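# Structural overview
Chain by chain, the residues:
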Amino acid sequence: LTFELFPNTAIVTTHSLDALVTDSAAAATAIATGYKTNNGMISMLPAGAVLPTILEALQDAGKATGMVVTNTVYDATPASFGSHWNTRGGSPFIAAQLLERNLDVLLGGGRDQFRPTGVEDGKRTDGRNLMTEAAAAGYSVVTDRQGLESAPDSKILGLFHPSYMNYQLDRIFLGTAEPTLAEMTAKALSVLKADDDGFFLLIEGSRIDHAAHAGDIGGMVAEIADFDDAVALAHRFAAENGDTLVIVTADHD
């Protein structure tokens, strides 16, 4: 794997405050903020304090920002970098915060919480259509691989599934038009590299974890291969540009 050839290795702790086994929310909060919190909390402390994230800090410093995942964009790991909520279950609120965060790139699944109930696959109960709001705010809003490829290299919201994006091994049977993690990464880099002040990009091969939970070894291997393609692409970008740091980690490995 590409990251096995990286020159430096470090160890970080991502344990939670209240449980022996850490969940994605507490673990991602540890990585994104440097603070430990209770399981299920999204970049907040149990007493209610909001924890600034590395994404927010670099955005405040004038850098472009983006997130690319294969689960829902509002799931625990991306949520912990771009939002704050007292439970990872607050999907409608997290989705709204991610739009308000004004990221340059947001790609993944989770279309259901960006549309109101009654509009295609929408599940929002507050009547808001975040996809329409994003388009009005200047985003290219896309829902399939072709849309991703043809979109200009400017602010982009890509939501390729109502929920989690499909497993790599399932896509050929389902005939989906979902991009791979590497394809989403390539688009994100094309958009973000235009900022002369630099950028921060979170890339998550999210469904490795889901396949592992299911005991699906073949599926897990395929998801790791998809993740490694994205890592290789990011590593080549860093080698060619000379000023980019690539960190590969697991949230609760």
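Quick summary incoming for the structure in this document. Since this is a predicted model, take the numbers as computed values, not measurements.

## A few points about the overall build of the protein
Assigned secondary structure in the protein consists of ten helices and five strands. Relative to the compact-globule value of 18 Å for 253 residues, the protein shows a C-alpha radius of gyration of 17 Å, a close match. In terms of overall dimensions, the protein has C-alpha extents of about 45 × 45 × 45 Å along its principal axes. For the protein, the proportion of its 253 residues judged to be buried stands at 50%. Considering only contacts in the protein between residues 6 or more positions apart, those separated by 24 or more positions represent 59%. Surface exposure of the protein reaches about 11900 Å², of which carbon and sulfur atoms provide 54%. Here the protein contributes 16 positive and 33 negative side-chain charges, whose respective centroids are spaced 4 Å apart.

## Some remarks on the packing of aromatic side chains
In the structure shown here, the tally under the stated rule is four aromatic pairs. A ring pair is formed by W85 and F93, whose centres lie 4.6 Å apart and whose planes are at 10°; its orientation type is stacked. Take W85: its relative accessible area is 25%, and that puts it in the partly exposed class. For R207, the ring lying beneath its charged end belongs to Y167, and the centroid distance is 3.8 Å.

## Some points on helix α10 (residues 217-241)
Within an α-helix, residues lying three or four positions from one another point in the same direction, as the helix has 3.6 residues per turn. The terminal C-alpha atoms of α10 lie 36 Å apart, and with 25 residues this matches the ideal 36 Å at 1.5 Å per residue to within 8%. At the C-terminal side of α10, G242 shows a positive phi close to 75°.

## A look at helix α1 (residues 24-33)
With nine of ten residues buried, α1 lies mostly within the body of the structure. Of all the residues in α1, the buried ones are S24, A25, A26, A27, A28, T29, A30, A32 and T33. Elements that come into contact with the buried residues of α1 comprise α2 (54-60) and α3 (76-82).

## Some thoughts on the pattern of salt bridges
Here the structure, examined in full by the defined rule, presents eleven salt bridges. A salt bridge links R88 to D75, with the shortest nitrogen-to-oxygen separation between them at 3.6 Å. You can see R88 sitting in the loop between α3 and α4 (91-100) and its partner D75 sitting in the loop between β1 (64-72) and α3, a full 13 residues away along the chain. Here D75 falls in the buried class, since its relative accessible area comes to 12%. For the salt bridge of E100 with R128, the shortest nitrogen-to-oxygen distance reads 3.6 Å.

## Some details on the packing of helix α8 (residues 181-192) against α10
Between α8 and α10, the least distance of the axes is 7 Å, while the angle of their chain directions is 25°. As far as their axial angle goes, α10 and α8 are roughly parallel. For the pair α8 and α10, the sense of crossing is right-handed. Facing α8, whose interface residues are L181, A182, T185, A186 and L189, α10 presents D226, F227, D229, A230, L233, A234 and F237.

## Structural notes on unusual backbone geometry
We note that S43 has phi near 50°; this positive angle belongs to a residue other than glycine. In this structure S43 comes out as buried when scored by relative accessible area, which is 0%. In this structure, N102 takes a positive phi of about 60° despite not being glycine. With respect to the helices, strands and loops of the structure, N102 is situated in the loop between α4 and β2 (105-109).

Rules used throughout
- Residues numbered from 1 in each chain as written.
- Predicted model: local features only at pLDDT ≥ 70, side-chain atom pairs only at ≥ 80, totals over all residues.
- Heavy atoms only, no water.
- Helix = DSSP H or I, 4+ residues; strand = E, 2+ residues; numbered from the N terminus.
- Rg over C-alpha atoms; globule rule 2.2 N^0.38 Å.
- Buried < 20%, exposed > 50% of the residue type's maximum accessible area, 1.4 Å probe, protein only.
- Contact = heavy atoms within 4.5 Å.
- Areas by Shrake-Rupley, 256 points an atom, 1.4 Å probe, with all protein chains shown as cover.
- Lys, Arg positive; Asp, Glu negative; His and termini not counted.
- Charge placed at Lys NZ, Arg CZ, Asp CG, Glu CD.
- Phe/Tyr/Trp six-rings, centres within 6.5 Å; stacked < 30°, edge-to-face > 60°.
- Lys NZ or Arg CZ within 6 Å of the ring centre and 35° of its normal.
- Expected span 1.5 Å × (residues − 1).
- Salt bridge = Lys/Arg side-chain N within 4 Å of Asp/Glu carboxyl O.
- Axes fitted to C-alpha atoms, helices over the stretch in contact; angles between N-to-C directions.
- Parallel < 35°, antiparallel > 145°, perpendicular 65-115°, else oblique.
- Left-handed = near helix turned anticlockwise from the far one by under 90°.

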